[in-house]
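Geometric and topological summary
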Amino acid sequence: MPELPEVEVTRRSFADRIAGARIEAVRSGKPLRWPLGVEPQTLVGRTVRGVRRRGKWLLVDLDHGLLLMHLGMSGSLGFAKQQAAAGTHDHFDLVTSHGTLRLNDPRRFGAVVYAPREDSPQGDKHLGGLGVEPLSDDFNAKEFHAQLKKRSAAIKQVLLAGDIVVGVGNIYASEALFLAGIRPTLPASRISRPRAARLRQAIRDVLTRAVDKGGSTLRDFSNAWGEEGYFQLEAMVYDRAGQPCRVCGTPIKMIRQGQRATYYCPTCQKT
Ligand SMILES: [Zn+2]
């Protein structure tokens, strides 16, 4: 599943090239997770101002309104001057004067949604409940700790929920909790202020490294990442069950939390 770093690298892969382009046509394939919400023809003639990211959403700003794009479980966006004829899994084309932005999404959990404004009901439905951006200055240790204090759920679940801080998916949550030395099952409310500060920094470090790593592989980016996916960070714990911890040698443990696999070192990560 594309996580925040993949989405950010996707953004960087076409944002500069599409900026200023005029929309010439919109082509839709099979239904996606949510409908576009507007007649595709009404977008023709509008200009793309730029592309922002909010959590795992890409916001394509137009001179009037914006398109919210989500990659879902298996989506990828490609931008090219000339695209081949749409294949079975190509479900949305934004044809512009600078090239065509194409969403390929075999499982169709992705979406392209039109909103007249970011704070319109259409925008708010998808963006309204999102927590702060982990790489922005709004993500500060004091507020993070105050928010964690209110939650009795396990810290990993709280991170995945995305309403305190967005975009910390399954892999990055496991990795950040390892770096911060925090057991994933620990109730969020029991995390002290200094530990919350360490966790905040770990989240930023892990995501920044992944974005940098993805940026360095941008050349190959036309390939969807598929099921294996991800920017193959040198994982400390993720997907390493039974293997020795890179710090202390203790075998890494795997447990399930809310259907998702969690990996941790029972020695390095304290309750
Ligand atoms: Zn360890």
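Residues numbered from 1 in each chain as written. Predicted model: local features only at pLDDT ≥ 70, side-chain atom pairs only at ≥ 80, totals over all residues. Heavy atoms only, no water.

Re the overall build of the protein
Summing up its helical and strand segments, the protein has 6 helices and 10 strands in all. When the backbone C-alpha atoms are referred to their principal axes, the protein occupies close to 60 × 35 × 30 Å. Buried positions account for 51% of the 271 residues belonging to the protein. Pairs at least 24 residues apart make up 65% of the contacts formed inside the protein by residues separated by at least 6 positions. Carbon and sulfur atoms make up 48% of the accessible area of the protein, which amounts to about 12,600 Å² in all. Positive and negative side-chain charges in the protein, numbering 40 and 27 respectively, have mean positions lying 6 Å apart. (Helix = DSSP H or I, 4+ residues; strand = E, 2+ residues; numbered from the N terminus. Buried < 20%, exposed > 50% of the residue type's maximum accessible area, 1.4 Å probe, protein only. Contact = heavy atoms within 4.5 Å. Areas by Shrake-Rupley, 256 points an atom, 1.4 Å probe, with all protein chains shown as cover. Lys, Arg positive; Asp, Glu negative; His and termini not counted. Charge placed at Lys NZ, Arg CZ, Asp CG, Glu CD.)

Section: unusual backbone geometry
Positive phi, close to 60 degrees, is recorded for Arg 108, a residue that is not glycine. With respect to the helices and strands, the residue Arg 108 is situated in the loop between strand 7 (99-104) and strand 8 (111-115). Positive phi outside glycine occurs at Asp 239, with the angle close to 65 degrees. Inspection of the secondary structure puts Asp 239 in the loop between helix 6 (193-216) and strand 9 (253-257).

Such coordinate-based values are descriptive only and should not be taken to indicate function.
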